[in-house]
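Next come the chains, spelled out residue by residue.
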Amino acid sequence: MMQELKEFVIILLSIIIFGSFVSSCCDEEPSPVERLRPTLSTSTLKLEVGDSAVIHVSNTELISSVTITSTHVISLQVKEFEIIVKALAKGNAIIDVNADGVRLRCSVEVVESEVPIYDFSEELDDNSCRFVSPILLLNYDTPGTIFSKSKDGIIEVRSLITSDHIVFYPGSAELIEGNLPNAKIQINGNAIEIKQAILERISQDGSMWLNILDSGGNRMVLVVTDL
């Protein structure tokens with residue numbers, strides 16, 4: 001009799017414990033999915049004077065403010081969730097971003113350019129379509145020379161008389177004045193190694209003035225207007 005009573009008590013306790021466990025599981029509300037914290041695409045930048053870079057702000061619905069410590073070193077332009085940084089002078093600066101109440105920071109170092117300074121002002125005063133280099137000269141005014149530019153900024157120049165041609169790839173869908181670090185150029189089908197490519201000016205109608213230096217120190221000027 002005592003053995004049966006013990007077995008009954010054990011079974012009863014097991015049922016009570018299991019029922020309490022099930023009840024507690026059912027009462028728990030599912031934890032909400034944690035929202036990702038806003039982030040910057042980089043926390044450090046090193047630019048040469050005249051260069052530009054884009055910082056992307058992710059996982060945010062609102063950028064409340066963007067401030068910098070040294071306005072003489074860099075300038076900023078905010079477009080939706082992108083911050084365009086332009087290097088103005090040698091020095092250091094801090095960019096502080098407030099995104100959804102979260103403070104984000106990027107440190108910027110600007111150094112002097114190692115590329116020889118070239119006065120491009122005379123080129124900006126000339127609106128003629130042209131490609132000028134030590135090995136090839138192509139002008140729109142020369143009969144049989146065709147200039148074309150795509151929406152992505154890819155420029156092609158071809159001479160129907162000599163068959164000479166060049167193709168320039170800006171390397172970025174975001175065309176802003178300043179350095180184009182991923183730019184490429186081909187002359188007569190041969191890839192030319194670029195040391196620096198600068199978009200010196202881009203106008204509202206899409207006209208572009210490009211200042212290009214190859215690895216051998218040869219300067220090239222590419223201008224497309226009224227296309």
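These remarks concern the structure in this document. (Residues numbered from 1 in each chain as written. Predicted model: local features only at pLDDT ≥ 70, side-chain atom pairs only at ≥ 80, totals over all residues. Heavy atoms only, no water.)

So, about the pattern of salt bridges. Between side chains of opposite charge, a pair can form when the charged atoms approach closely. Scanning the entire structure with this criterion turns up five salt bridges. The salt bridge involving D96 is made with R103; its shortest N-O contact spans 3.3 Å. Where R105 meets D96, a salt bridge forms, and the shortest distance between an N and an O atom there is 2.7 Å. A relative accessible area of 43% places R105 in the partly exposed class. (Salt bridge = Lys/Arg side-chain N within 4 Å of Asp/Glu carboxyl O. Buried < 20%, exposed > 50% of the residue type's maximum accessible area, 1.4 Å probe, protein only.)

A separate point is the packing of aromatic side chains. Inspection of every chain in the model, using the stated rule, returns two aromatic pairs. Judged by centre distance (6.2 Å) and plane angle (70°), the rings of Y118 and F120 are edge-to-face. The exposure class of Y118 is partly exposed, given its relative accessible area of 33%. Residue classification places F120 among the buried residues on the basis of a relative accessible area of 4%. Relative to F147, the ring of Y140 lies with its centre 6.0 Å away and its plane at 70°, an arrangement referred to as edge-to-face. Here Y140 falls in the partly exposed class, since its relative accessible area comes to 45%. Its guanidinium or amino end placed over the ring of W209, R201 lies 5.1 Å from that ring's centre, counting from NZ or CZ. (Phe/Tyr/Trp six-rings, centres within 6.5 Å; stacked < 30°, edge-to-face > 60°. Lys NZ or Arg CZ within 6 Å of the ring centre and 35° of its normal.)

This paragraph deals with the layout of surface pockets. As a volume, the largest pocket reaches approximately 320 Å³. Around the largest pocket sit 16 residues that line it, and V49, G50, Q196, I198 and E200 are the ones nearest its centre. If you tally residues by element for the lining of the largest pocket, the top one is strand 17 (residues 194-202), at four residues. The residue inventory of the lining of the largest pocket, partitioned by class, reads seven nonpolar, five polar and four charged. Here the second largest pocket is characterised by a volume of approximately 220 Å³. Taken together, 14 residues form the lining of the second largest pocket, with V54, S172, E174, N179 and P181 sitting closest to its centre. Sort the elements by how many residues they give to the lining of the second largest pocket and strand 3 (residues 52-58) lands first, with four residues. The residue makeup of the lining of the second largest pocket, split by class, is six nonpolar, six polar and two charged. (1 Å grid on protein atoms, 1.4 Å probe; cavity = no way out; pocket = protein on both sides within 12 Å on 5 of 7 lines; lining within 4 Å. Points joined across faces, edges and corners; volume = space filled by probe spheres on them. Helix = DSSP H or I, 4+ residues; strand = E, 2+ residues; numbered from the N terminus. Nonpolar A, V, L, I, M, F, W, Y, C, P; charged D, E, K, R; others polar.)

Following the sequence through the fold, T145 ends up in strand 11 (residues 145-149). At a separation of 3.4 Å, a polar atom in the side chain of T145 contacts the main-chain carbonyl oxygen of N139. With residues near it in sequence (within four places) discarded, T145 still touches L138, N139, Y140, V157, R158 and S159. (Polar contact = N/O pair within 3.5 Å; in protein donor to acceptor, adjacent residues only side chain to side chain. Contact = heavy atoms within 4.5 Å.)

Taken in spatial order, the four strands make up an open sheet running 1-3-6-5, and their pairing is antiparallel. Where the open sheet ends on each side, the last strands, each with one partner, are strand 1 (39-40) and strand 5 (74-79). (Pairing = 2+ DSSP bridges.)

Mapping N211 onto the fold places it in strand 18 (residues 208-214). Judged by relative accessible area, N211 falls into the buried class, the value being 3%. Here the side chain of N211 touches E200 through a polar contact of 3.0 Å, side chain to side chain. At 3.0 Å, the side chain of N211 and the side chain of R219 are in polar contact. Residues in contact with N211, not counting those within four places in the same chain, are Y118, F120, Q196, A197, I198, E200, R219 and M220.

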